[in-house]
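Chain by chain, the residues run as shown.
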Amino acid sequence: MSGQANEERNEPRERTVGSVQIDWDALRSAAREAMTHAYAPYSSFPVGVAGLVDDGRVVTGCNVENASYGLALCAECGMVSDLARTGGGRLVAVACVGGDGQPLMPCGRCRQLLWEHGGADMLIETVSLGIVPMREVLPDAFGPDDLVAAAVRGQG
């Protein structure tokens, strides 16, 4: 997404959440770089994603396809693996891009992954809504709190 499109939607290029400053241009750039490593020989649809972690790290991922199709790994899976590999933490902001370098909305499965590792307040750049918290793209999400609540109900 160009800076001009960003300005047209009245979205700041930088935003601060807690003590972490989000530079959306840098996050998109990291996602584009990750996308160059995608293995997409079957769909020819490379995807890259970058996430800002609550400690300031940036983690990235790219899609990795498989001849059996169903075993393909979305870019977000790779990013969450990178998050775990580099020390964990919570995702604060995520930018996902397609082969043209423009924003791309994560699939439903990946939205669930992002919820697990970023929660309702994690910011995500969307194609049609701009930058919004996860609660707006995955309303009534199922997460760890639901498992705890179910266990408590089961004990009553």
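Residues numbered from 1 in each chain as written. Predicted model: local features only at pLDDT ≥ 70, side-chain atom pairs only at ≥ 80, totals over all residues. Heavy atoms only, no water.

Visitor: Help me understand the overall build of the protein chain in this model?
Guide: Looking only at helices and strands, one finds six helices and seven strands in the protein chain. Its C-alpha atoms give the protein chain a radius of gyration of 16 Å, near enough to 15 Å, the size a compact globule of 156 residues would have. Its C-alpha atoms give the protein chain principal-axis dimensions of about 55 × 40 × 30 Å. Within the protein chain, the fraction of its 156 residues that count as buried is 41%. Long-range contacts, defined as pairs at least 24 residues apart, comprise 56% of the intrachain contacts of the protein chain with a sequence gap of at least 6. Looking at the protein chain as shown, the accessible area adds up to about 8100 Å², and 54% of this sits on carbon and sulfur atoms. Across the protein chain, 12 positive and 20 negative side-chain charges occur, with their mean positions spaced 2 Å apart. (Helix = DSSP H or I, 4+ residues; strand = E, 2+ residues; numbered from the N terminus. Rg over C-alpha atoms; globule rule 2.2 N^0.38 Å. Buried < 20%, exposed > 50% of the residue type's maximum accessible area, 1.4 Å probe, protein only. Contact = heavy atoms within 4.5 Å. Areas by Shrake-Rupley, 256 points an atom, 1.4 Å probe, with all protein chains shown as cover. Lys, Arg positive; Asp, Glu negative; His and termini not counted. Charge placed at Lys NZ, Arg CZ, Asp CG, Glu CD.)

Visitor: Can you walk me through the pairing of strand E4 (residues 58–62) in this structure?
Guide: Each regular strand shows side chains that alternate between the opposite faces of the sheet. Judged from the five bridges that link them, strand E3 (residues 48–53) and E4 form a sheet pairing that is antiparallel. Directly across from Gly51, in E4, lies its bridge partner Val59. Hairpin connection, E3 to E4: the antiparallel pair is bridged by four residues, and Gly56 has positive phi, about 100°. (Pairing = 2+ DSSP bridges.)

Visitor: So what exactly am I meant to see when it comes to the confidence of the model for the protein chain here?
Guide: Mean pLDDT over the protein chain works out to 90, with 90% of the residues at or above the 70 mark. Note on residues 1–10: pLDDT under 50 across the span, and 21 contacts to partners over four residues away in sequence or across chains. (pLDDT = per-residue confidence, 0-100.)

Visitor: Could you clarify how one ought to interpret unusual backbone geometry in this entry?
Guide: At Ser44, a position not held by glycine, the phi torsion is positive, near 55°. Checked against the element boundaries, Ser44 lands in the loop between helix H2 (24–35) and E3. The backbone of Tyr69 sits at a positive phi, close to 60°, despite the residue not being glycine. Relative to the helices and strands, Tyr69 is located in the loop between E4 and helix H3 (75–85).

Visitor: Explain the nonpolar core here, please?
Guide: A general feature of soluble globular proteins is that nonpolar side chains tend to end up buried together. Met79, Leu91, Val94, Leu114, Met122, Ile124 and Met134 are the most contacted members of the largest nonpolar core, which totals 19 residues. Secondary structure elements with two or more residues in this core: E3, H3, strand E5 (91–97), helix H4 (108–118) and helix H5 (134–137). Setting aside residues up to four positions removed in sequence, Leu114 forms contacts with Met79, Leu91, Val94, Pro106, Gly119, Met122, Ile124 and Met134. Core analysis: the second largest hydrophobic core is formed by 15 residues, Leu27, Ala30, Ala93 and Leu123 among them. (Core = buried A, V, L, I, M, F, W, Y, C linked by side-chain atoms within 4.5 Å.)

Visitor: Could you clarify how one ought to interpret the environment of Ile131 in this entry?
Guide: Residue placement: Ile131 occurs in strand E7 (residues 131–133). In sequence terms Ile131 and Ala95 are 36 residues apart; their C-alpha atoms lie 9.2 Å from each other.

Visitor: Just checking my understanding: could you explain the sheet that holds E3 for this structure?
Guide: In sheet architecture, strand pairing relies on hydrogen bonds along the backbone and comes in two forms, parallel and antiparallel. Reading across from one edge, E4-E3-E5-E6-E7 is the order of the five strands in this open sheet, with mixed pairing throughout. Looking along the sheet, the strands with just one partner apiece sit at the ends: E4 and E7. Averaged over neighbouring strand pairs, the angle between their axes works out to 20° when direction is ignored. Against the sheet, H2 makes contact with E3, E4, E5, strand E6 (123–125) and E7, and its axis sits at roughly 55° relative to E5, the strand it touches most. Along the sheet, H3 contacts E3, E4 and E5; its crossing angle with E4, the most-contacted strand, is approximately 145°. (Axes fitted to C-alpha atoms, helices over the stretch in contact; angles between N-to-C directions.)

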